[in-house]
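# Overview (structure and organization)
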Amino acid sequence: MEGSQFNFDAPDVLYIDLTGSYTRLEKWGAQLASFAGAWIREELGDELGPAIAAGMAMGAPVGPDFDYAGSMDLFGTRRGRGPLYIAWDTNLLIDYFDFGARLWRGEGLPESLEEGNYLALEGLELLLALWVVRDIRFVLLPQVISDARKRLSDQRRRDRINAFQEFVGALRLVSSTTDGDNLEAPSRAGLLELPNRIIDDTLQAVPAGLDRQLVRAAVRSGVHVMITKDRGMLRGAQALRRLGLAITDPQELLEWLFASGSYHCLLDPRFLYWPMPDQQRIAHLIAAIPDHGL
């Protein structure tokens, strides 16, 4: 990464934005946000009133972007305000391929899922709902395309390349840079500039191999959070905080976001005081799902 450029060092892939073909998919964003808001209000039950009152007492939370200094869990020592950048680990992308259409439709998940997978997908669904209305930027790193324990089939590799292109397409819609070859980079204001030796030593907390390569790429890109189900990555999370990267599962990230008031905009319309972000983003994210059928 150089200066303010988000240099993905991407593979040679063709990017074509067929804007008209995305229009019919945009409706799923508002529908999911509405569903998630109703679900959260129902879950809060008698606690909803006090939660709303507390939000009113402290004033409407900032939005659609985020106050970095207001949530060290998410942003560490960063200062200022801006988007929340979240990188997806490969295991969540694979789950999104399998269950993403269900998440957008607000359907129940299969009861046969293990509890850990069920909670991770439930958390991902609520993150998608917040992403619809706030300046959250989902990132797929190029390393995800080839991250596999065994050789990928040609079709699976094509699916991952397509997902990478669609995630980049969603990012382009909200990026303020005029350079089409690079995307707006996360701010590093407030982070210490550490020498490569310290970065390399800290990365030893993550299992060697593909996991470490992916975490290294996340650190270099400057994203704020990496969501994963990988226990090896999660065990190294505390050490990675010094590098400005929070590694967490979707459920823990939800807890941080709730604690910072980020979900108030889905609880009461008085807190949703900004225009919706470009809804073509929704179509790009849905188009990342193979055979989504939406």
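Keep in mind it's a predicted model, so treat the numbers as computed, not measured.

What counts and what doesn't
Residues numbered from 1 in each chain as written. Predicted model: local features only at pLDDT ≥ 70, side-chain atom pairs only at ≥ 80, totals over all residues. Heavy atoms only, no water. Salt bridge = Lys/Arg side-chain N within 4 Å of Asp/Glu carboxyl O. Buried < 20%, exposed > 50% of the residue type's maximum accessible area, 1.4 Å probe, protein only. Helix = DSSP H or I, 4+ residues; strand = E, 2+ residues; numbered from the N terminus. pLDDT = per-residue confidence, 0-100. Contact = heavy atoms within 4.5 Å. Pairing = 2+ DSSP bridges. Axes fitted to C-alpha atoms, helices over the stretch in contact; angles between N-to-C directions. Phe/Tyr/Trp six-rings, centres within 6.5 Å; stacked < 30°, edge-to-face > 60°. Lys NZ or Arg CZ within 6 Å of the ring centre and 35° of its normal.

Turning our eyes to something else, we now look at the pattern of salt bridges. Oppositely charged side chains can form a pair if their charged atoms are brought close together. A full pass over the atoms with the stated rule returns nine salt bridges. A salt bridge links Asp-135 to Arg-137; its shortest N-O distance comes to 2.9 Å. Side by side, Asp-135 and Arg-137 carry an identical accessibility label, which is buried. Taking the shortest distance from any N to any O, the salt bridge between Arg-149 and Asp-211 comes out at 3.6 Å. Taken together, the positions of Arg-149 in the loop between strand S5 (136-139) and helix H7 (154-174) and Asp-211 in helix H9 (residues 210-221) put the pair 62 residues apart, joining distant regions of the chain. Judged by relative accessible area, Asp-211 falls into the buried class, the value being 7%. Connected via shared salt-bridge partners are Asp-135, Arg-137 and Glu-184.

When pLDDT is averaged along the protein chain, the result is 88; 91% of the residues meet or exceed 70. Scored below 50 in pLDDT, residues 1-5 shows 12 contacts in the model against residues more than four places distant or in partner chains. In the predicted structure, residues 10-17 sits below a pLDDT of 50 and forms 16 contacts with residues beyond four places in sequence or in another chain.

As a further point, take the sheet that holds strand S8 (residues 246-248). Sheet strands pair by backbone hydrogen bonding; their relative direction is either parallel or antiparallel. Across the sheet, which stays open at both edges, the four strands sit in the order S5-S4-S7-S8 with parallel pairing between neighbours. For this open sheet the edge positions go to S5 and S8, each flanked by a neighbour on one side alone. Direction aside, the axes of adjacent strands within the sheet are offset by 25° on average. Sheet topology places strand S4 (residues 84-88) next to strand S7 (residues 225-227); three bridges connect them, and they run parallel. Residue pairing for S7: Trp-88 is matched across the bridge by Ile-227. Packing against the sheet, H7 makes contact with S4 and S5, and its axis sits at approximately 150° to S5. Most of the contacts of helix H12 (residues 250-259) go to S8, to which it runs at about 120°, and overall it touches S4, S7 and S8.

As a further point, take the environment of Glu-252. Within the element layout of this structure, Glu-252 appears in helix H12. Taking the C-alpha atoms as reference points, Glu-252 and Ile-227, separated by 25 residues in sequence, lie 9.3 Å from one another.

Let's shift gears to the packing of aromatic side chains. Between two aromatic rings, the relevant description is the distance of the centres plus the angle of the planes. Applying the stated rule across the entire model yields nine aromatic pairs. Between Trp-88 and Phe-167, the aromatic rings sit 5.1 Å apart at their centres with planes inclined by 85°, giving edge-to-face as the arrangement. Taken together, the residues span a long stretch of sequence, with Trp-88 in strand S4 and Phe-167 in helix H7 at a distance of 79 residues. For the pair shown, Trp-88 and Phe-167 are each scored as buried. Through a chain of ring-to-ring contacts, three or more aromatic side chains come together here, namely Trp-88, Tyr-96, Trp-104, Trp-131, Phe-138 and Phe-167. Sitting over the ring of Phe-66, Arg-134 keeps its end group 4.2 Å from the ring centre. The aromatic ring of Trp-131 is capped on one face by Arg-281, whose charged end is 4.2 Å from the ring centroid.

Relative to the helices and strands, Ser-146 is located in the loop between S5 and H7. On the basis of relative accessibility, which here comes to 46%, the residue Ser-146 falls in the partly exposed class. Put simply, Ser-146 and Ile-161 are 15 residues apart on the chain and 9.3 Å apart in space, counted from C-alpha to C-alpha. Not counting residues up to four positions away in its chain, the partners in contact with Ser-146 are Leu-152, Arg-157 and Arg-160.

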